[in-house]
Amino acid sequence: MGRGTSLHEVTATPCELEAEECAYKCAMTSSQPTWGGGKAGSHIWWRLPVTRRRDSPSMVCLSRMWLRGFAFAAHFTRKKCVCSTVRYHSTKTAPQMPGMEYQDAICTLNTLQTNASALEQVRRERGHPRLQLVAMESFLERSGLTVADLDQLNIIHVTGTKGKGSTCAFAEQILRGHGFRTGFYSSPHLVQVRERIRINGQPIGKDLFTKYFWQVYGRLEETKEANGAVMPAYFRFLTILAFHVFLQEKVDVAVIEVGIGGAYDCTNIIKRPWVCGISSLGIDHTQILGDTIEKIAWQKGGIFKAGVPAFTVKQPEDATAVLRDRAKEIGCPLRVCPDLDDYQTDCGGPLRLGLAGQHQRSNASLALQLSHAWLQRRCSPGEGSSSSATAVVETSGPLQGTPFKPGSITTKALADTEWPGRNQTLKHGDVTYFLDGAHTMRSMQACVNWFTEAAAQHERNASGPVARVLLFNATGERDSAAMLKLLVPCHFDFAVFCPNITEAIASCNADQQNFNVSVENMLTRCLDNQNSWRRHNSRHHEHSDGPPQLFIEDGLPLGSNQTTHTLVFPCILSALRWITQGRDPELAGSPEDAAAAFPVRPSVAARAAALRGAAEIHVLVAGSLHLVGGVLKHFDQSK
């Protein structure tokens, strides 16, 4: 399909993720919707069975809402999950007993998302951020560990706005390649929460997760009443759990990715890491970290420790100045990573990376410096003393990191690194997915650069016309309109918007539940994204697309009878089925799976003729890691 053709728009509803560290996807009860009235401005109802268990954490309710002057009410309710909260009080290994299965652990974990006392504590700490670390240390001690115990983990601590996860993945792969037993803690997860805690590059197994979950949860639960009846919130608990897993599984090194910020992030109870790193900085999480690059740099530099070497990628000048001052204040030797091209190789050519995108080059250089510093200390314990730190921080600015010649093990590790959902390409028959969880302005620009090049390469090898489709959602405070504007030059033939809701059926996959977001906000954000896209693409349209519409089988449009290219999808699965038009074998599934997606009206199905007629369909999924995870969930055959 030519890039100059008119652009069709398909709209679905986005999910507002108020708490970044929480599990992110919800599932809804399957039922055919009933539409009322056929005139503009009429009410539309989805009639779904409503559970009477109002107290069930597995229930998601969509309350009465108004969209663009058209009112409709809907109740999205999950079938009650069979996942009772099991409490086990012991400091010993939890036995394998009925009711203590993986899904039970995850359901119990999810109660920490909306635990009233935990949320109240978070509200109290907002005005006194240092209290966050005090509280975290208290939780750690209640779980049976001290801050000093964490020194045994030989930690690499990494923060940044974008690229910190990829940096950690590179570093972990390098050290594992050298024969060390690695632990890797990251967030968020894409499909299952176990992905956050990895040993030797693999998510810990369900049995291991379950065993350690009940150990830690039991210790915190049995000390709750003596500590103000407070349990740690979701991300805090998982951080404590990761520390327990890594210590008891005796890893040689723990690569720890900061959650949000640095100075007051709950991972920053680490006192004696072996080396620290800061990836690319940008504007994100402004309500927590501040609204300028200088304020954000100050927060990120909070992970620096006296005498502990630290490395940063090249940053904007203002950010570099703040990091320099923070390093000098703390007594931390800070160095700026060299360009990746500065490293020597045996073949004389550039280092090959397993992660696509030019922006990964700075992440790889940071990982090289971090792993090299760690290996130097491991092999030469006397290095990295405070005397060398003093010599560095008394200079006028950060020193340049020294490029070196990576060995064959390190070179292979860089090429073998995988990090799902970041510049990832998956080909399923005639459908190729380009997956990137870019959710800031800088990361979205990097995504656009990567997709433009990668898609062009695939299109050159296609046997005929290619249809380009955007599947987008953004959450929280992020500027969706600005990110969408960056995507306009990609010349998509269809733009699809949907929420971070995986499918419109009952599900007990508790890994993908989120109780911090109202569905009303999801739908409202969706229409905002749709209108932003239409404004950016107004030059491509001679006529208005008309008012927003929900196109469900046998439904009636809200607006006039004019042709419209705007659709609303209730979930990721229904959006994927419409985009792929039955051409993705991994989405074909069983009859039960087919019923999971809301069927669209025949007129809407006909509008997808261009998708059915294209030789290939290329789909960029971007704007939210949680959206990417929801898409991957449908491809994960082990789920």
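Residues numbered from 1 in each chain as written. Predicted model: local features only at pLDDT ≥ 70, side-chain atom pairs only at ≥ 80, totals over all residues. Heavy atoms only, no water.

Chemist: Quick one: what's the story with the overall build of the chain, residue by residue and with numbers?
Modeler: In terms of regular secondary structure, the chain is built from 21 helices and 21 strands. By residue count, 60% of the 639 residues in the chain fall in the buried class. Put simply, 79% of the contacts in the chain that link residues at least 6 apart link residues at least 24 apart. Carbon together with sulfur atoms contributes 50% to the accessible area of the chain, which is approximately 24,600 Å² in total. (Helix = DSSP H or I, 4+ residues; strand = E, 2+ residues; numbered from the N terminus. Buried < 20%, exposed > 50% of the residue type's maximum accessible area, 1.4 Å probe, protein only. Contact = heavy atoms within 4.5 Å. Areas by Shrake-Rupley, 256 points an atom, 1.4 Å probe, with all protein chains shown as cover.)

Chemist: So what's going on with the packing of helix 4 (residues 164–177) against helix 12 (residues 408–416)? Which residues, and what values?
Modeler: Close contact between helix 4 and helix 12 brings their axes to 8 Å; oriented N to C, the two are set at 140°. Accordingly, the angle class assigned to the pair helix 4 and helix 12 is oblique. Crossing handedness for the pair helix 4 and helix 12: right-handed. On the side of helix 4, the interface is formed by F170, Q173, I174 and G177, while helix 12 contributes I409, T410, A413, L414 and D416. For the contact of helix 4 with helix 12, a count of residues per class yields five nonpolar, three polar and one charged. (Axes fitted to C-alpha atoms, helices over the stretch in contact; angles between N-to-C directions. Parallel < 35°, antiparallel > 145°, perpendicular 65-115°, else oblique. Left-handed = near helix turned anticlockwise from the far one by under 90°. Nonpolar A, V, L, I, M, F, W, Y, C, P; charged D, E, K, R; others polar.)

Chemist: Go over the pattern of salt bridges with me, naming the residues and quoting the values.
Modeler: Taken as a whole, this structure holds 15 salt bridges when the rule is applied. For the salt bridge of K271 with E137, the shortest nitrogen-to-oxygen distance reads 3.5 Å. On the criterion of sequence distance, the pair formed by K271 in the loop between strand 11 (253–257) and strand 12 (275–278) and E137 in helix 3 (residues 130–142) is long-range, its members being 134 residues apart. Residue class for K271 comes out partly exposed when judged on its relative accessible area of 42%. Linking D325 and R324 is a salt bridge whose minimum nitrogen-to-oxygen distance equals 3.4 Å. Residue D325 is classed as partly exposed on the basis of its relative accessible area, which comes to 44%. (Salt bridge = Lys/Arg side-chain N within 4 Å of Asp/Glu carboxyl O.)

Chemist: I'd like a rundown of the pairing of strand 17 (residues 431–435), residues and numbers included.
Modeler: In terms of residue burial, strand 17 counts as a mostly covered element, since five of its five residues are buried. Side chains V431, Y433 and L435 of strand 17 all project onto a buried face; the interleaved residues T432 and F434 project onto the opposite face, where all are buried too. Note: strand 16 (residues 424–428) against strand 17, five bridges, orientation antiparallel. When the sheet's bridge partners are listed, L426 is paired in strand 17 with Y433. What sits between the antiparallel neighbours strand 16 and strand 17 is a turn of two residues, in which G429 has the positive phi angle 65°. (Pairing = 2+ DSSP bridges.)

Chemist: Tell me about the nonpolar core, and please be specific about residues and values.
Modeler: Among the nonpolar cores identified, the biggest contains 49 residues, and L109, L153, F209, F237, L241, F243 and F246 are the most heavily contacted of them. Contributions of two or more residues to this core are made by helix 1 (102–110), helix 3, strand 9 (197–199), helix 5 (206–222), helix 6 (234–248) and strand 11. With 11 residues, helix 6 is the single largest residue contributor to this core. Setting aside residues up to four positions removed in sequence, F246 forms contacts with L153, G183, F184, Y185, I197, R198, I199, V251, A254 and I256. (Core = buried A, V, L, I, M, F, W, Y, C linked by side-chain atoms within 4.5 Å.)

Chemist: Before we move on, could you go through the packing of aromatic side chains and cite the residues and values that matter?
Modeler: Going through the model one piece at a time under the given rule, you end up with 22 aromatic pairs. What links up through ring pairs into an aromatic cluster is the set F434, W450, F451, F472, F492, F497 and W533. A cation over a ring is seen here: R326 above W298, with NZ or CZ 3.8 Å from the ring centre. (Phe/Tyr/Trp six-rings, centres within 6.5 Å; stacked < 30°, edge-to-face > 60°. Lys NZ or Arg CZ within 6 Å of the ring centre and 35° of its normal.)

Chemist: Pulling in residues and values, what's your account of the sheet that holds strand 12?
Modeler: Strand order in the open sheet formed by nine strands is 10-9-8-11-7-12-13-14-15, with mixed pairing between adjacent strands. Two strands close off the open sheet at either side, each with one partner strand: strand 10 (202–203) and strand 15 (399–400). Pairing of strand 7 (residues 156–159) with strand 12 involves four bridges; the strand directions are parallel. Residue pairing across strands places T159 opposite I278, the latter belonging to strand 12. Sheet contacts for helix 4: strand 7, strand 8 (182–185) and strand 11; angle to strand 8, the most-contacted strand, approximately 175°.

Chemist: Kindly report on helix 8 (residues 293–300), identifying the contributing residues and their values.
Modeler: All buried positions along helix 8 are accounted for by I293, I296, A297, Q299 and K300. All buried residues of helix 8 lie within an arc of 160° about the axis, which places them on one face of the element. (Arc of directions from axis to C-beta.)

Chemist: Give me the confidence of the model for the chain: which residues, what numbers.
Modeler: In the predicted model, the chain carries a mean pLDDT of 77, and 70% of its residues have values of at least 70. Between residues 383–395, whose pLDDT stays under 50, and residues either more than four places distant or in other chains, the model counts 14 contacts. (pLDDT = per-residue confidence, 0-100.)

Chemist: Could you give an account of the side chain of R583, naming the residues involved and the relevant values?
Modeler: Summarising the element assignment, R583 is placed in the loop between helix 16 (572–580) and helix 17 (585–588). A distance of 3.4 Å separates a polar side-chain atom of R583 from the backbone oxygen of R612. At 2.7 Å, the side chain of R583 forms a polar contact with the backbone oxygen of A614. Every residue in contact with R583, bar those within four places of it in the chain, is listed here: H428, D430, V431, L611, R612, A614, A615, E616 and I617. (Polar contact = N/O pair within 3.5 Å; in protein donor to acceptor, adjacent residues only side chain to side chain.)

Chemist: Can you break down the state of the cysteines residue by residue, with the values?
Modeler: Evaluation of the coordinates by the stated rule reveals zero disulfides. With no disulfide of its own, C447 lies 7.4 Å from the sulfur of C490, the closest cysteine sulfur. (Disulfide = S-S within 2.5 Å.)

Chemist: If you had to explain the environment of V488 to someone new, which residues and values would you point to?
Modeler: Within the secondary structure layout, V488 lies in the loop between helix 14 (480–487) and strand 19 (494–497). Residue V488 is classed as buried on the basis of its relative accessible area, which comes to 15%. In this structure, the C-alpha to C-alpha distance between V488 and W533, residues 45 residues apart in sequence, is 8.2 Å. Apart from the residues within four sequence positions on either side, V488 is in contact with W533, H536 and N537.

Chemist: Pulling in residues and values, what's your account of unusual backbone geometry?
Modeler: Here the amide bond leading from S187 into P188 is cis, since omega sits at -5°, within 30 degrees of zero. Position of P188 relative to the elements: it lies in the loop between strand 8 and strand 9. Unusually for a residue other than glycine, N154 sits at a positive phi of about 55°. By the element assignment, N154 lies in the loop between helix 3 and strand 7. Owing to a relative accessible area of 11%, N154 belongs among the buried residues under this scheme. In the Ramachandran plot, N423 falls in the positive-phi region, its phi being about 50° despite a non-glycine side chain. With respect to the secondary-structure elements, N423 resides in the loop between helix 12 and strand 16.

Chemist: Tell me about the pairing of strand 18 (residues 466–472), residues and numbers included.
Modeler: Most of strand 18 is tucked away, with seven of its seven residues classed as buried. Neither face of strand 18 is left uncovered, since the one carrying V466, R468, L470 and F472 and the one carrying A467, V469 and L471 both have all their residues buried. Here four bridges tie strand 18 to strand 19, and the two strands are oriented parallel to one another. Looking across to strand 19, one finds that L471 is bridged to V496.

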